[in-house]
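Residue-level structure breakdown
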Amino acid sequence: MAISLSKGQKVDLTKTNPGLSKVVVGLGWDTNRYDGGSDFDLDASVFLLDANGKCASDRDFIFYNQLEGGNGSVIHTGDNRTGEGEGDDEQVKVSLSAVPAQVEKISFVITIHDAEARSQNFGQVSNAFCRIVNEDTNQEIIRYDLGEDFSVETAIIVGELYRHNGEWKFSAIGSGYQGGLGRIATDFGLNVG
């Protein structure tokens, strides 16, 4: 039975699931009908953050053009350009025991590609969620449904895995941003060209 989280809640991951070493973080969404004429392309991205909440290098940013990071411990399974169908739209596999020691947090983000040019925002997106699945058993452990709290935002920090006293925890963040992926990347210490 999965634990269902609300915005701001934190839950222990490895302490309550002994032996858990590999998880799949599934991210999903639906787009509402609108008359803008452009398709929606939502993207999941991952930032590997140090103790200062920053990426040490560009290699700590995992997205559709760089599918692997953390010495292979974090793998994005690929871009879904339509969001069609049931279940996860994009997935990220994390080998918790292999994440480099300097990585304190793994932040999961959903953004709308070319949102400004297409006049799109998260007010036009519904049923967004994040779930964590035990990769070995395919059992859902945690689920966070983001709700309909967004309007003009073009990016959302969905949640983060983080280390605490040698154990991994998950925090449901649900924080919206204007300025898309570039704004979040800059906040996490990357130079975006």
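Each remark here, short or long, concerns the structure printed above.
Residues numbered from 1 in each chain as written. Predicted model: local features only at pLDDT ≥ 70, side-chain atom pairs only at ≥ 80, totals over all residues. Heavy atoms only, no water.

**Considerations on the overall build of the protein**
The helix and strand inventory of the protein stands at two helices and 13 strands. Computed over the C-alpha atoms, the radius of gyration of the protein is 16 Å, within 12% of the 16 Å expected from 2.2 N^0.38 for a compact globule of 193 residues. The dimensions of the protein, computed from C-alpha atoms along their principal axes, are 50 × 40 × 25 Å. Across the 193 residues of the protein, 48% fall into the buried class. Relative to all contacts within the protein whose residues are 6 or more apart in sequence, the contacts with residues 24 or more apart total 68%. For the protein, the accessible surface area stands at approximately 9400 Å², while carbon and sulfur atoms represent 42% of it. Side-chain charges in the protein split into 16 positive and 29 negative, and the spacing between the mean points of these groups amounts to 6 Å. (Helix = DSSP H or I, 4+ residues; strand = E, 2+ residues; numbered from the N terminus. Rg over C-alpha atoms; globule rule 2.2 N^0.38 Å. Buried < 20%, exposed > 50% of the residue type's maximum accessible area, 1.4 Å probe, protein only. Contact = heavy atoms within 4.5 Å. Areas by Shrake-Rupley, 256 points an atom, 1.4 Å probe, with all protein chains shown as cover. Lys, Arg positive; Asp, Glu negative; His and termini not counted. Charge placed at Lys NZ, Arg CZ, Asp CG, Glu CD.)

**Some words on the nonpolar core**
Ranked by internal contacts, the top residues of the largest apolar core, which has 41 residues, are Val 94, Ile 106, Leu 161 and Phe 170. Those elements that place two or more of their residues in this core are β3 (22-31), β4 (42-49), β8 (90-95), β9 (105-112), β10 (125-134), β11 (139-145), β12 (155-164) and β13 (167-177). Residue contacts for Ile 106: discarding those within four places in its chain leaves Val 46, Phe 47, Leu 48, Val 74, Val 94, Val 99, Gly 159, Glu 160, Leu 161 and Trp 168. Core analysis: the second largest hydrophobic core is formed by 13 residues, Phe 47, Leu 49, Tyr 177 and Leu 190 among them. (Core = buried A, V, L, I, M, F, W, Y, C linked by side-chain atoms within 4.5 Å.)

**Things to note about the sheet that holds β13**
Taken together, the six strands give an open sheet; going across it, the order is β2-β13-β12-β9-β4-β5, and neighbouring strands pair in antiparallel fashion. Each edge of the open sheet is held by one strand with a lone partner, namely β2 (10-12) and β5 (61-62). By the bridge criterion, two bridges tie β4 to β5 in an arrangement that is antiparallel. Following the sheet pairing, Val 46 is matched in β5 by Ile 62. (Pairing = 2+ DSSP bridges.)

**Some words on the pattern of salt bridges**
Evaluated as defined, the whole model comprises seven salt bridges. Lys 93 is paired through a salt bridge with Glu 135; the nearest N and O atoms lie 3.9 Å apart. One end of the pair, Lys 93, is in strand β8; the other, Glu 135, is in the loop between β10 and β11, with 42 residues separating them in the sequence. Within this structure, Asp 88, Arg 131, Glu 140, Arg 143 and Asp 145 form a network of salt bridges that share partners. (Salt bridge = Lys/Arg side-chain N within 4 Å of Asp/Glu carboxyl O.)

**Considerations on unusual backbone geometry**
The backbone of Asp 114 sits at a positive phi, close to 55°, despite the residue not being glycine. Within the secondary structure layout, Asp 114 lies in the loop between β9 and α1 (115-118). For Asp 114, a relative accessible area of 41% gives the class partly exposed. The phi dihedral of Asn 165 is positive, around 50°, even though this residue is not glycine. Mapped onto the secondary structure, Asn 165 falls in the loop between β12 and β13.

**Quick look at the side chain of His 76**
By the secondary structure assignment, His 76 is in strand β7 (residues 74-76). What makes His 76 buried here is its relative accessible area of 2%. A polar contact is formed between the side chain of His 76 and the backbone oxygen of Ala 44, at a distance of 3.0 Å. Apart from residues lying up to four places away in sequence, His 76 is in contact with Ala 44, Ile 62, Phe 63, Leu 67, Glu 90, Gln 91 and Val 92. (Polar contact = N/O pair within 3.5 Å; in protein donor to acceptor, adjacent residues only side chain to side chain.)

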